[in-house]
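In case you want the letters, here they are:
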Amino acid sequence: MIWNSKSECMNPEALRSLQFARLKNLVERVYTNVPFYRAKLDEAGVSPTDIKSLDDLAKLPFTTKDDLRTTYPYGLLAVPQCEIVEIHMSSGTTGTPVIDAYTQRDMDDWCEGMARTLSGAGATRNDTIQNAYGYGLFTGGLGAHYGAQRIGATIIPVSSGNTEKQLVLMRDFKSTLVTCTPSYMLYMAERAHEMGIDPASLGLRAGCFGAEPWSENMRREIEKAWNIKAYDIYGLTEITGPGVAFECAEQDGMHMNEDLWYPEIIDPETGKVLPDGKKGELVITTITKEGTPLIRYRTRDITLIMKGQCGCGRTTRKIHRLFGRTDDLLVIRGVNIFPSQIEHALMDIPQVEPNYLIIVDRSEKTHLDNVELHVEVNPEAFSDETKDMETLRNLIEATMKSKLGISLKVKLVEPKSIERSTGKAKRVIDKRQL
Ligand code: DLL
């Protein structure tokens, strides 16, 4: 289902000229209305008249999360505050929140982005969408809600948590689609089994999952447990929320809604723009945004823009499933590792569950980093025989060593002993005082 074929299947040249017109307008708007951007552009020696083609975007300075924090709460507003109809916020890890402020037009774009996203998963007005993303300041809940409303589906705004009720609602209202974090979807399957319900019997058809890193293997687990299609969806608070990019029926990369949010990939070290197909940091410019527009926002998310055209008919470019973040990169004894790589390696071992916790610490004596990986053994493989568990532990340690090149200590833990989250799962505890 293509929600808006006029925009999503545009001839690439027409799309580029639309993006350029929008970019030019954006640069003029922020230069005139946002003192922060005027100063930033002046400092970089660029003026709005220097923007003569899309390539000139590279002349503009980046915006970082720190810029958003130092201008909190309203320092990046590009319209009078009476134009703002809603705000959202994410707390991040350092405590100072990052906000997004929307005008009515920004809300329309958000609804549009999410309507396209849900349609990518095949949703129509005939669907019953159970929305288990958290409602409130987090963009997941209301974002999915607005999108579902736009396509005219029946929404069950249950929010995250209350797992037994989720399962009852799925059964009673015959939900066809679920929206939540991938880890919560797996947890709900586990609870269903405990309650004697086979999740695959509930009749769901699909789900839109995002807001946290997950892997291809985790997709397979979810699809198998629920007998559904699991679609990857991407977005971030600073850039409106979910709806920025989404998977279509091909399930191979996420279409960027690039008529609204323009993507670039840069080398995170040098800041240089990389060609399509090369992996780097995703940078987004909000070309239609009115409330808190951002120029070249460094997302810290690592992906690549995929080459070639998608079989679904959309012409918007796709980004690859996220590889990780530049800032959750764990540097362990000099080796760069993303938690997603550990997850990936783990999922090839059938005796363990996709629930894990990475604990990093530094020895006071040797000053060397130590990693302890807590892994849940699945109930069938769990055994009281120390020898069996020892063999499994050695197997995991050897797999990690060969796939990631580091030695880590594995601790096998009982099924269901790692804390579950109804929102974003916490996978890493870094105790090093770096
Ligand atoms: O998580 C928005 C969202 C809600 C996206 C619901 C998808 C579904 P934030 O809380 O600001 O916003 O977190 C944004 O989460 O920069 C990524 O690092 C990560 N993230 C989001 N989607 C994905 C995904 C929402 N599909 C941050 N895969 C982003 C991996 C994701 N990571």
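Residues numbered from 1 in each chain as written. Predicted model: local features only at pLDDT ≥ 70, side-chain atom pairs only at ≥ 80, totals over all residues. Heavy atoms only, no water.

Asks: Residues and numbers for the site of the ligand, please.
Replies: Looking at the ligand, there are 21 residues lining it, with Asp-232, Ile-233, Thr-237, Asp-301 and Lys-424 nearest. Backbone polar atom of Glu-212 to a nitrogen atom of the ligand: 3.3 Å apart, as the coordinates give it. Taking Ile-233, its main chain carries an N or O atom lying 2.7 Å from a nitrogen atom of the ligand. Taken by itself the ligand offers 610 Å² of open surface, and the protein chains cover 92% of this. At the level of secondary structure, the elements contributing two or more residues to the shell around the ligand comprise helix H6 (139-151) and strand S7 (229-236). No other element matches the five residues that S7 contributes to the shell around the ligand. For the shell around the ligand, the per-class residue count stands at nine nonpolar, six polar and six charged. (Near = heavy atom within 4 Å. Polar contact = N/O pair within 3.5 Å; in protein donor to acceptor, adjacent residues only side chain to side chain. Areas by Shrake-Rupley, 256 points an atom, 1.4 Å probe, with all protein chains shown as cover. Helix = DSSP H or I, 4+ residues; strand = E, 2+ residues; numbered from the N terminus. Nonpolar A, V, L, I, M, F, W, Y, C, P; charged D, E, K, R; others polar.)

Asks: I'd love a proper account of unusual backbone geometry, names of residues and values included.
Replies: With an omega of 0°, the peptide bond running from Tyr-72 to Pro-73 counts as cis. The backbone of Ser-159 shows a phi angle near 70°, a positive value even though the residue is not glycine. Along the chain, Ser-159 turns up in the loop between strand S4 (154-156) and helix H7 (163-173). Its identity as a non-glycine residue notwithstanding, Lys-174 has a phi of 50°, on the positive side.

Asks: Describe in detail the side chain of Asn-355, supporting the description with residues and values.
Replies: Residue position: Asn-355 is located in strand S17 (residues 352-362). We classify Asn-355 as buried; its relative accessible area is 13%. Setting aside residues up to four positions removed in sequence, Asn-355 forms contacts with Glu-190, His-374, Val-375, Glu-376, Ile-418, Arg-420 and Arg-427. (Buried < 20%, exposed > 50% of the residue type's maximum accessible area, 1.4 Å probe, protein only. Contact = heavy atoms within 4.5 Å.)

Asks: A description of the sheet that holds strand S11 (residues 280-286) should follow, citing residues and the corresponding values.
Replies: Read from one edge of the open sheet, four strands run S10-S11-S12-S14, paired in antiparallel fashion. At either end of the open sheet lies a strand with only one pairing partner, and these are strand S10 (261-266) and strand S14 (324-325). As paired strands, S11 and strand S12 (residues 297-303) are joined by four bridges and run antiparallel to one another. Residue pairing across strands places Glu-281 opposite Ile-302, the latter belonging to S12. (Pairing = 2+ DSSP bridges.)

Asks: Explain the environment of Asp-232 to me, using residue names and the numbers behind them.
Replies: With respect to the helices and strands, the residue Asp-232 is situated in strand S7. Look at Asp-232 and you get buried, because its relative accessible area is 6%. Not counting the four nearest positions on each side in its chain, Asp-232 is found in contact with Phe-209, Trp-214, Arg-219, Phe-246, Glu-247, Met-254 and Arg-321. Polar contacts involving the side chain of Asp-232 include one to the side chain of Trp-214, which spans 2.8 Å.

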